[in-house]
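Okay, here's what each chain looks like letter by letter:
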Amino acid sequence: MTRHFLSLVLVAVFASVPAVALAEWQATEEVRPYSISGKSGVELYESIGARGPEAGAGRAIAHTTFKLTWTRKYEPQGNTCVIVTNRPKLVITYTLPKPADELPAAVKSSWEAFISGVQAHERVHGETIKEMVNEIETMSVGLTVADDPYCKKIRIELTRRLGEISQRQRQRGRDFDKIEMGDGGNIQQLILKLVNGP
């Protein structure tokens, strides 16, 4: 087998890796409730304001966070370095309010509409996180850096690309929140219906 033919075979194998790798992992999604109290929509919302997850200078209704780790294999090939494995482990955590006590029937109905909308909002953040991880995986498996037999330059290049992808994901989240939480936005409407309800 000639070296040229072997190189073509290796390229074909590495080109097929991302599609296979994308099908092998699943994100783990967890809901972490925090306790709130109240017997009316106003009281529940006030309790969220006092107990919600910290966000900047204030508190949020809900929050989506994630922990992302990688099983990564760098492989020197001649004078180049290639990432041949880059398998993610992603845990997404949704922090959401949960009333500590049973609610009156009318308030319970208002609350369920509110929390359903909040959960849907947070799930969008979860999806953008998964999309970011898929983009990282697709970009990185098969990534090759020339003149890097000790696989040092490739780490710098990977870090640079990861930063760009991460920044795009964060900006998508900010843009989405700006629309949802702005005047007339979905979250604002959910809050108004809750506090103006029973």
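To be clear, the structure that these remarks concern was listed above.
Here we summarise the structure given alongside this text.

About the criteria used
- Residues numbered from 1 in each chain as written.
- Predicted model: local features only at pLDDT ≥ 70, side-chain atom pairs only at ≥ 80, totals over all residues.
- Heavy atoms only, no water.
- Helix = DSSP H or I, 4+ residues; strand = E, 2+ residues; numbered from the N terminus.
- Polar contact = N/O pair within 3.5 Å; in protein donor to acceptor, adjacent residues only side chain to side chain.
- Contact = heavy atoms within 4.5 Å.
- Expected span 1.5 Å × (residues − 1).
- Buried < 20%, exposed > 50% of the residue type's maximum accessible area, 1.4 Å probe, protein only.
- Pairing = 2+ DSSP bridges.
- Salt bridge = Lys/Arg side-chain N within 4 Å of Asp/Glu carboxyl O.

**Let's talk about the side chain of S47**
Mapped onto the fold, S47 is located in helix α2 (residues 41–51). At 3.0 Å, the side chain of S47 forms a polar contact with the backbone nitrogen of S37. Other than its neighbours up to four places away in sequence, S47 contacts I36, S37 and G52.

**As for helix α3 (residues 105–140)**
Between the first and last C-alpha of α3 there are 52 Å, a value that for 36 residues agrees with the 52 Å anticipated at 1.5 Å per step. Just beyond α3, the residue with positive phi is G142, at close to 95 degrees.

**A word on the pairing of strand β5 (residues 80–99)**
With 15 of 20 residues buried, β5 is to be regarded as a mostly interior element. The pairing of strand β1 (residues 28–36) with β5 spans nine bridges and is parallel. Along β5, the bridge assignment pairs I36 with P99. Judged from the 15 bridges that link them, strand β4 (residues 63–77) and β5 form a sheet pairing that is antiparallel. Across the sheet, the residue bridging to R72 is N86, located in β5. The turn joining β4 and β5, which pair antiparallel and follow one another in sequence, is formed by two residues; a positive phi near 65 degrees is taken by G78. Across two bridges, β5 lies against strand β6 (residues 144–145) in antiparallel orientation. Note on β6: the bridge partner recorded for C81 is V145.

**As for the pattern of salt bridges**
This structure, assessed with the given rule, holds twelve salt bridges. Where E29 meets R123, a salt bridge forms, and the shortest distance between an N and an O atom there is 3.1 Å. You can see E29 sitting in strand β1 and its partner R123 sitting in helix α3, a full 94 residues away along the chain. Relative accessible area serves as the criterion here: at 34%, E29 is assigned to the partly exposed category. Here R123 falls in the partly exposed class, since its relative accessible area comes to 38%. In this structure, K73 and E75 form a salt bridge, with 3.8 Å as the shortest nitrogen-oxygen distance. Sharing partners across several salt bridges, the network here consists of E29, R123, E127 and K130.

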